[in-house]
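Notes for the structure review
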Amino acid sequence: KFIVDYTIRNYDPPPSGWTVFDALVHPFIFEYYSPAFSLNGGQPRMYPAQYATDVVAAKALAMLRSAAANPGGQPFYLQVAPRAPHHSMHYDFTASGAFVSRHWYPPVPAARHWEELSGAALPRPPSFNDPWVSGKPAWLRALDPLTAANVTFLEEIHRLRLRCMRAVDEMVEALVSELDSLGLSDSTFILFTSDNGYHEGIHRMGSGKTTAFEEDLRVPMMMAGPGLAAGSKVVTTTQHIDIAPTVLALADLALSLRQLDGVPLPLAAVSDGTLPPSYVYGRPDQGPLWNHLMAEFWGEWVEESIHSHPPYQNLTWKAVRVLRSDQEEAYKYDTDLLA
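Residues numbered from 1 in each chain as written. Predicted model: local features only at pLDDT ≥ 70, side-chain atom pairs only at ≥ 80, totals over all residues. Heavy atoms only, no water.

Digging into the packing of aromatic side chains
Note the threshold: Aromatic contacts are taken between Phe, Tyr and Trp rings whose centres are within 6.5 Å, Trp giving its six-membered ring; a plane angle under 30 degrees counts as stacked, one over 60 as edge-to-face, and the others as tilted. In DSSP terms, a helix is any run of H or I states spanning at least four residues, a strand is any run of E spanning at least two, and both are numbered starting from the N terminus.
Evaluated as defined, the whole model comprises 15 aromatic pairs. Look at F2 and F21: their rings are 5.2 Å apart centre to centre, the planes differ by 90°, and that puts the pair in the edge-to-face class. Of the two residues, F2 sits in the segment before strand 1 (22–24) while F21 sits in the segment before strand 1, which places them 19 residues apart along the sequence. Taking 5.5 Å as the distance between ring centres and 15° as the angle between the ring planes, the aromatic pair formed by W139 and Y312 counts as stacked. Remark: Y312 occurs in the loop between strand 10 (292–297) and strand 11 (317–322) and W139 occurs in helix 2 (residues 138–141); sequence separation between them is 173 residues.

Section: the nonpolar core
Let me state the cut-off plainly: By nonpolar core we mean a set of buried residues, namely Ala, Val, Leu, Ile, Met, Phe, Trp, Tyr and Cys, connected to one another through side-chain atoms within 4.5 Å. Buried means the residue's accessible area, taken with a 1.4 Å probe over protein chains only, is under 20% of the maximum for its type, while exposed means over 50%, and partly exposed covers the values in between. Note on contacts: a residue pair is in contact if any heavy atoms of the two residues lie within 4.5 Å.
One finds F37, Y51, M171 and L175 to be the most contacted residues of the largest nonpolar core, which totals 26 residues. Apart from residues lying up to four places away in sequence, L175 is in contact with A60, L61, L64 and V80. The next biggest cluster of nonpolar side chains, apart from the first, holds twelve residues, and it includes L140, M205, A295 and L315.

A look at the pattern of salt bridges
Selection criterion: Put simply, a salt bridge is a Lys or Arg side-chain nitrogen that is within 4 Å of an Asp or Glu carboxyl oxygen.
Here the structure, examined in full by the defined rule, presents 16 salt bridges. Note that E156 is salt-bridged to R159, the shortest N-O span being 3.5 Å. In this pair, E156 and R159 both sit in helix 3 (residues 148–181), three residues apart, roughly one turn of the helix. Given a relative accessible area of 30%, E156 falls into the partly exposed group. Judged by relative accessible area, which is 17%, R159 ranks as buried. A salt bridge links R161 to E200, with the nearest nitrogen and oxygen atoms 4.0 Å apart. Linking R161 in helix 3 with E200 in strand 7 (residues 199–200), this pair joins segments that are 39 residues apart in sequence. With a relative accessible area of 12%, E200 lands in the buried category.

A short note on the sheet that holds strand 2 (residues 36–39)
What counts is decided by this rule: Being paired, for any two strands, means DSSP has found at least two bridges between them.
Read from one edge of the open sheet, three strands run 1-2-3, paired in antiparallel fashion. Lying at the two open borders of the sheet, with one neighbouring strand each, are strand 1 and strand 3 (45–46). As paired strands, strand 2 and strand 3 are joined by two bridges and run antiparallel to one another. Looking across to strand 3, one finds that A36 is bridged to M46.

Describing unusual backbone geometry
Of note, the bond from D12 into P13 is cis; its omega dihedral lies within 30 degrees of zero at 10°. Look at the link from A84 to P85: it is a cis peptide, with omega at 5°. Of note, L117 is a non-glycine position whose phi angle comes to about 60°, a positive value. In this structure, L117 sits in the loop between strand 5 (99–105) and helix 2. Residue classification places L117 among the partly exposed positions, given a relative accessible area of 38%. You will see that N129, though not glycine, has its phi angle at about 45°, which is positive. Take N129: it is sitting in the loop between strand 5 and helix 2.

As structure tokens, then:
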């Protein structure tokens, strides 16, 4: 997946800067068993009855082998972005191509994973089906508490998402195994993350990702590679805008960093002593690590699972989050925006 707005109408020309660019095209991005891809801006190709994550895995493995076969041993960057475990979505258009409507459906696991993880329980943090919403924005206070049927449905959505991730697990395992087979494991950095967080059942909401709450803002990020101490953890604030600077710094292309918004991840703080000396980010002599971030969103709040919840059209917000020694999170609402 590249972006939702990469479609069957604008796939050519493809984004610049890539040797090979093979991406899902809208409106087939969210169809689990009928994906469509455009290779280097070429005519989109459908893959009927093939599971989207498996198609992405096969393409990624082929690209990895091709890059490794470069006779000059040139370094490469491979970005792999399956759309799982996103909800399935179907779009209706008129004969002239005008958008009519969008329909949300539960995520669809690969057939081989349908019976797995049936005992997985939906997490229930203190905010789950929140009985106390005082101080929250008006649109959130207006939501009715989730019913028992709502909660049962969210439980199954949670299991379906986990089952969808099983194909992603297999893809990651295949890529790491291929790196081993190619003899590249000791010279390759692997970064695993997600494009957004996700909430299920918090503050009376069903499923979604566009709020300023912890579940939507926080995402996993794991790295492995030469010079990184196994099991170590960066205990500071990082953001997705830091990924590109990190890749450039690891490639010793720091002169390009001034053009970017982010800063390299503080990997020197978790080095095993063999990280290249040129990677200075995170060393004590480089100053204190960041403890804050800004997040923002423009658009509407759309319920992905509990369709009785009406959309809220003006979910536009900015948030500054600060990690402090005396409390995990500090925040302030602008009272003018709560109505």
